[in-house]
Each structure stands twice: as C-alpha cells, then as structure tokens.
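Fold and contact review
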Amino acid sequence: MSELEARLASGDHVRLQRREAQDVLQKLRARGGRSDAADRIEQQLARSDEVELVPGDAAELLEELRASGRRWVFGDDEPRDHDPPRATPQEPEPEPEPEQRGWLGRLFGR
C-alpha cells in the first residue's frame, strides 16, 4: 500500500498538495470512466493550491482509484477474490556429480 493509499484509508481528513492532487486526477482521468471524486478534486484545485478531503470523500477517492486500477489492468471494475498468480522461484540446478577418481588419483591427490 502506498503512502497516499494509507492516508486515504486512515479515516482522517486528508490534505493533498497541488502536485499530489494532480497526480491522482491524472490517474483517474487516464484510466477512463466517470469519477465524481475527480470532479471534486478538479473544482477544489481551481480555487486553491491544495485539496482537503473529509473522511467519506477520502474513502470514496481510494475506492475509485482502486476500481480504476482494476479497470485498467483487468478490464472490469469487479474486485478480485484472490491474488493473481505470482511467478514461482526457480529451483537451483543440481550440482554436478564429482568426478570419480581412480586409485592413482587418490594416491597422488589430483
């Protein structure tokens, strides 16, 4: 979870600086779909250099960001019940068998 997501999920008032608000707005707009939260952020940015979100708006914005991410990656808004499969780590290759030395090799330690 990113710092922004943690702040939005905290349940407190959240204050976004202009750059942060523009980044969120860009993500929502670029991923398509209509977003009430994006409209509110845009309106607040027109009047001020920062955006203040009350707890309900912060939670709604977080859910819209997550939904837009799902739309972007999976093509739909439905939450996933399970994590996508991850690559399994490769097993190390077995070490080669030591060469068998004859009695002369054992005798001379080569």
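Note that the structure is a prediction, hence the values are computed from the model and not measured.

**A closer look at the overall build of the protein**
- Regarding its fold elements, the protein presents five helices and two strands.
- Evaluated residue by residue, the protein yields a buried proportion of 23% over its 110 residues.
- A separation threshold of at least 6 residues defines the contact pool for the protein, and within that pool the share at least 24 residues apart is 58%.
- When the accessible surface of the protein is summed, it comes to about 8,800 Å², and 49% of that surface belongs to carbon and sulfur atoms.

**What about the pattern of salt bridges?**
- Applying the stated rule across the entire model yields eight salt bridges.
- R7 is the partner of E3 in a salt bridge, and the nearest nitrogen-oxygen pair spans 3.7 Å. Placement of the pair is E3 and R7 together in helix α1 (residues 3-9), with a separation of four residues, close to one helical turn.
- Overall, the relative accessible area of 59% leaves E3 in the exposed class.
- With a closest N to O distance of 3.8 Å, D57 and R40 form a salt bridge. Within this pair, whereas D57 is found in helix α4 (residues 55-74), its partner R40 is found in helix α3 (residues 36-47), the two being separated by 17 residues in sequence.

**Things to note about the nonpolar core**
- Among the nonpolar cores identified, the biggest contains 18 residues, and L8, L16, V24, I41, V51, L53 and L61 are the most heavily contacted of them.
- Excluding residues that lie within four positions of it along the chain, V51 makes contacts with V14, R15, L16, A21, I41, Q44 and L45.

**Details of the side chain of E64**
- Inspection of the secondary structure assignment puts E64 in helix α4.
- Despite being buried, E64 has no salt bridge partner; R40 is the closest side chain of opposite charge, sitting 5.2 Å away.

**Re α3**
- Helix length check: α3, at twelve residues, gives a terminal C-alpha distance of 17 Å against a target of 16 Å (1.5 Å per residue), a fit within 8%.
- Among all positions in α3, only A37, A38, I41 and L45 are buried. One side of α3 carries all its buried residues, which in axial view fall inside an arc of 95 degrees. Along α3, exposed side chains directed more than 90 degrees from the buried face belong to Q43, A46 and R47.

Definitions and cut-offs
Residues numbered from 1 in each chain as written. Predicted model: local features only at pLDDT ≥ 70, side-chain atom pairs only at ≥ 80, totals over all residues. Heavy atoms only, no water. Helix = DSSP H or I, 4+ residues; strand = E, 2+ residues; numbered from the N terminus. Buried < 20%, exposed > 50% of the residue type's maximum accessible area, 1.4 Å probe, protein only. Contact = heavy atoms within 4.5 Å. Areas by Shrake-Rupley, 256 points an atom, 1.4 Å probe, with all protein chains shown as cover. Salt bridge = Lys/Arg side-chain N within 4 Å of Asp/Glu carboxyl O. Core = buried A, V, L, I, M, F, W, Y, C linked by side-chain atoms within 4.5 Å. Lys, Arg positive; Asp, Glu negative; His and termini not counted. Expected span 1.5 Å × (residues − 1). Arc of directions from axis to C-beta.

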